[in-house]
Amino acid sequence: MSDAEFALMSRESLQEFFRSLLQDAIDNQRARPAVPEETEVYLVNLLGSFLGAESLYVREDDGSVQQKPLAFLLKEALEEQGAARAAMLRKLGDTSLFVSGFFSESLNRSLVGVDYYRSMGERAYDALGQQVAKKARDRSIYADLSEKFGVLMELLAEVSERTLVSSNAGMVKLYDRYLRTGSERLANLLKGRGLLPLSPIAGRFVQ
């Protein structure tokens, strides 16, 4: 799917698009017991909310857009109270989950790796879960997001990969990534599209 086609999709069709990809990833990774329906809905909405690159940045009072370090955002959030604190913690958790899942390949080549985003996300969701639980007196979805962050991160990584198989350029990226990582998940995705990947070790086609 091209960027132009993606931009023309309605919010409803985008949600269905992401839901289908996410359900395929859940089935492929046998993650259904760990991902109840409410968590699946949360992830679908999260994917839709991060379509614009600006969602990964923080808008300042003067209208400028700046990317702030996650640790700084966490410190700011924990210093807030009530609804403002909850909103900041959720934004931090969502951003960490989306980036660590959808852009894990890029993070592996950066100074700030996936583990950093995972740590910040888990802490943000955990703090938010504790705040919500004080009012609801029960386990919140945020506590679940914190505990299962790694599982959800892998699901979003596969969703990211599945968005690439619909274009030739995306297939080339996946094939190159497979040759560098030897990922069995990528091999299966490529096979599903009729492309038998070379073994990254032996340099031979997978039978």
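Residues numbered from 1 in each chain as written. Predicted model: local features only at pLDDT ≥ 70, side-chain atom pairs only at ≥ 80, totals over all residues. Heavy atoms only, no water.

Under the counting rule described, the total for this entry stands at six salt bridges. Measuring nitrogen to oxygen at the nearest pair gives 2.8 Å for the salt bridge that ties Arg19 to Glu16. Of the two residues, Arg19 and Glu16 are both situated in helix H2 (residues 11-28); the distance of three residues between them amounts to about one turn of the helix. Since its relative accessible area comes to 23%, Arg19 is described here as partly exposed. (Salt bridge = Lys/Arg side-chain N within 4 Å of Asp/Glu carboxyl O. Helix = DSSP H or I, 4+ residues; strand = E, 2+ residues; numbered from the N terminus. Buried < 20%, exposed > 50% of the residue type's maximum accessible area, 1.4 Å probe, protein only.)

What follows is about the nonpolar core. By size, the foremost hydrophobic cluster in this structure holds 41 residues, and its most contacted members are Leu46, Leu97, Tyr125, Leu155 and Val159. Broken down by secondary-structure element, the contributors of at least two residues to this core are H2, helix H3 (37-49), helix H4 (70-79), helix H5 (82-102), helix H7 (114-136), helix H8 (141-147) and helix H9 (149-164). Ignoring anything within four residues of it in the chain, the contact list for Leu46 reads Asp94, Leu97, Phe98, Tyr125 and Leu156. (Core = buried A, V, L, I, M, F, W, Y, C linked by side-chain atoms within 4.5 Å. Contact = heavy atoms within 4.5 Å.)

For the rest of this paragraph, the subject is the confidence of the model for the protein chain. Scored by pLDDT, the protein chain comes out at a mean of 75, with 60% of its residues at no less than 70. Element-level pLDDT for the protein chain is lowest in strand E2 (residues 65-66), with a mean of 42, against a maximum mean of 93 in H8. The low-confidence segment residues 52-60 (pLDDT under 50) makes 24 contacts with residues lying over four places distant or belonging to another chain. Confidence drops under a pLDDT of 50 for residues 62-66, and excluding neighbours within four residues, the segment shows nine contacts in the predicted structure. (pLDDT = per-residue confidence, 0-100.)

Right, let's talk about the packing of H5 against H9 for a bit. It is the contact of H5 with H9, at a shortest axis distance of 7 Å, that shows an interaxial angle of 55°. The angle between H5 and H9 places the two elements in the oblique class. Crossing angle aside, the handedness with which H5 passes H9 is right-handed. Contacts between H5 and H9 pair Gly93, Ser96, Leu97, Phe98, Ser100, Gly101 and Phe102 from the former with Phe149, Leu152, Met153, Leu156, Ala157, Val159, Ser160 and Thr163 from the latter. Class assignment of the residues belonging to the contact of H5 with H9 gives a composition of nine nonpolar, six polar and no charged. (Axes fitted to C-alpha atoms, helices over the stretch in contact; angles between N-to-C directions. Parallel < 35°, antiparallel > 145°, perpendicular 65-115°, else oblique. Left-handed = near helix turned anticlockwise from the far one by under 90°. Nonpolar A, V, L, I, M, F, W, Y, C, P; charged D, E, K, R; others polar.)

For Ser119, the position within the fold is in helix H7. With relative accessibility at 31%, the residue Ser119 sits in the partly exposed group. Counting along the chain gives 48 residues from Ser119 to Ala71, while the straight-line C-alpha distance between them is 9.8 Å.

It is worth spelling out the packing of aromatic side chains at this point. In the structure shown here, the tally under the stated rule is eight aromatic pairs. Between Phe98 and Phe103 the ring centres are 5.7 Å apart and the planes differ by 75°, which places this aromatic pair in the edge-to-face class. Looking at Phe103, the relative accessible area reads 35%, which means it is partly exposed. Ring-pair connections join several aromatic residues into one group, and the members of that group are Tyr42, Tyr125, Tyr142 and Phe149. (Phe/Tyr/Trp six-rings, centres within 6.5 Å; stacked < 30°, edge-to-face > 60°.)

A word on H9. Here H9 contains 16 residues, and its C-alpha end-to-end distance of 23 Å stays within 8% of the 22 Å for a straight helix at 1.5 Å per residue. Of all 16 residues in H9, 13 are buried; the element is thus mostly enclosed. (Expected span 1.5 Å × (residues − 1).)

Bringing the packing of H3 against H5 into the picture now. The N-to-C vectors of H3 and H5 enclose an angle of 85°; their axes lie 11 Å apart at closest approach. Considering their axes alone, H3 and H5 lie roughly perpendicular with respect to each other. Contacts between H3 and H5 involve Tyr42, Leu43, Leu46 and Leu47 from the former and Arg90, Asp94, Leu97, Phe98 and Phe102 from the latter. When the residues that make up the contact of H3 with H5 are grouped by side-chain class, the tally is seven nonpolar, no polar and two charged.

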